[in-house]
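Listed here are the chains, written in short residue letters.
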Amino acid sequence: MVQKHHATQLHYDFRLEIDGVLASWAVPKGPSMNTADKRLAMQVEDHPLDYGGFEGTIPEGNYGGGTVMLWDRGTFEPEGETSAAKQLAAGEIKFTLHGEKLRGSFVLINTGKRSSDPRRARQWLLIKHRDEHADPKWDLDTLDWSVLTRRNMEEIAAGKPARKRARG
Ligand code: MN
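I will try to describe carefully the structure that is included in this document. Since we're looking at a predicted model, the values are computed, not measured. (Residues numbered from 1 in each chain as written. Predicted model: local features only at pLDDT ≥ 70, side-chain atom pairs only at ≥ 80, totals over all residues. Heavy atoms only, no water.)

Here's the deal with unusual backbone geometry
Where the residue is not glycine, phi is negative for most of them; where a peptide bond is considered, it is trans in most cases. The phi angle at aspartate 19 is positive, at roughly 55 degrees, despite the residue not being glycine. Turning to its location among the elements, aspartate 19 is positioned in the loop between β2 (10-18) and β3 (21-27). A positive phi angle, close to 65 degrees, is found at arginine 150, a residue other than glycine. Relative to the elements of secondary structure, arginine 150 occurs in the loop between β10 (123-128) and α3 (153-157). (Helix = DSSP H or I, 4+ residues; strand = E, 2+ residues; numbered from the N terminus.)

Dropping the structure here:
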């Protein structure tokens, strides 16, 4: 799943369930379906599975304080013969997403793998592969709606109820 998270800075938390936990990356510019984009993805600590369904407001001063939207959800499968866990450990994971917004083939590459700088070592790139789902006109700003409640960030922050009609 992907959570849009307005904390100190707006970012998107990209999470893949691997070996019973959510391997997680914070993507400042958000994911893209445009193959020309290479999106910085900072690996953060694994999160428990039940965190992935969360949407709402985390009080300021707490870990992750701010507004959280469940921006996308679905399933994924690793590509090739190697397990997702082994690809993750090797610093390059190729996978196909079956989300509501993100679909098709992607790669996450740890560009800082050999760095002794701990911040640099956590740097990955999230890149869309060319396929029938790729979208050169991808515009994140048009996708500010929750797959859970159809609310936008403003409505979530204000504690508004879920929308009844689908959008997007
Ligand atoms: Mn976050």
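Looking at the nonpolar core
Grouped together as the largest cluster of nonpolar side chains are 30 residues, with contacts concentrated most on Phe14, Leu16, Trp25, Trp71, Phe95, Leu102 and Leu108. Elements with a contribution of two residues or more to this core: β2, β3, β6 (66-72), α1 (84-90), β8 (92-99), β9 (103-110), β10 and α3. Contacts of tryptophan 25, omitting those with residues within four sequence positions, involve Tyr12, Asp13, Phe14, Leu16, Ala41, Met42, Gln43, Val44, Leu88, Leu108 and Trp124. (Core = buried A, V, L, I, M, F, W, Y, C linked by side-chain atoms within 4.5 Å. Buried < 20%, exposed > 50% of the residue type's maximum accessible area, 1.4 Å probe, protein only. Contact = heavy atoms within 4.5 Å.)

As for the sheet that holds β2
Read from one edge of the open sheet, 10 strands run β5-β6-β1-β2-β3-β4-β10-β9-β8-β7, paired in antiparallel fashion. Single-partner strands in this sheet number two, and they are β5 (56-58) and β7 (74-78). Averaged over all pairs of adjacent strands, the angle between their axes in this sheet comes to 35 degrees, without regard to strand direction. With five bridges connecting them, β9 and β10 associate as antiparallel partners. Bridge pairing in β10 links valine 107 to isoleucine 127. (Pairing = 2+ DSSP bridges. Axes fitted to C-alpha atoms, helices over the stretch in contact; angles between N-to-C directions.)

Topic: the pattern of salt bridges
On inspection of all chains with the given rule, the structure shows nine salt bridges. For arginine 39, the salt bridge goes to aspartate 37, with nearest N and O atoms at 3.2 Å. In this structure, the salt-bridge partner of glutamate 155 is arginine 163, at a minimum N-O distance of 2.5 Å. For arginine 163, a relative accessible area of 40% translates into the label partly exposed. One network of salt bridges, with partners in common, ties together Arg73, Glu100 and Arg150. (Salt bridge = Lys/Arg side-chain N within 4 Å of Asp/Glu carboxyl O.)

Here's the deal with the side chain of glutamate 55
Assignment of secondary structure puts glutamate 55 in the loop between β4 (38-47) and β5. Taking relative accessible area as the criterion, glutamate 55 reaches 12% and is therefore assigned buried. A polar atom in the side chain of glutamate 55 sits 2.9 Å from the backbone nitrogen of leucine 70. Here arginine 151 takes part through its side chain, which lies 2.9 Å from a polar atom of the side chain of glutamate 55. Apart from residues no more than four positions distant in its own chain, glutamate 55 is found in contact with Val68, Met69, Leu70, Ser146, Leu148, Thr149, Arg151 and Ile156. (Polar contact = N/O pair within 3.5 Å; in protein donor to acceptor, adjacent residues only side chain to side chain.)

Considering the layout of surface pockets
What the largest pocket holds in volume is close to 430 Å³. Around the largest pocket, the lining comprises 22 residues; the ones closest to its centre are His5, His11, Asp13, Ala26 and Val44. Of all the elements in the fold, those that place two or more residues in the lining of the largest pocket are β1 (2-6), β2 and β4. Counted by class, the lining of the largest pocket contains nine nonpolar, eight polar and five charged residues. (1 Å grid on protein atoms, 1.4 Å probe; cavity = no way out; pocket = protein on both sides within 12 Å on 5 of 7 lines; lining within 4 Å. Points joined across faces, edges and corners; volume = space filled by probe spheres on them. Nonpolar A, V, L, I, M, F, W, Y, C, P; charged D, E, K, R; others polar.)

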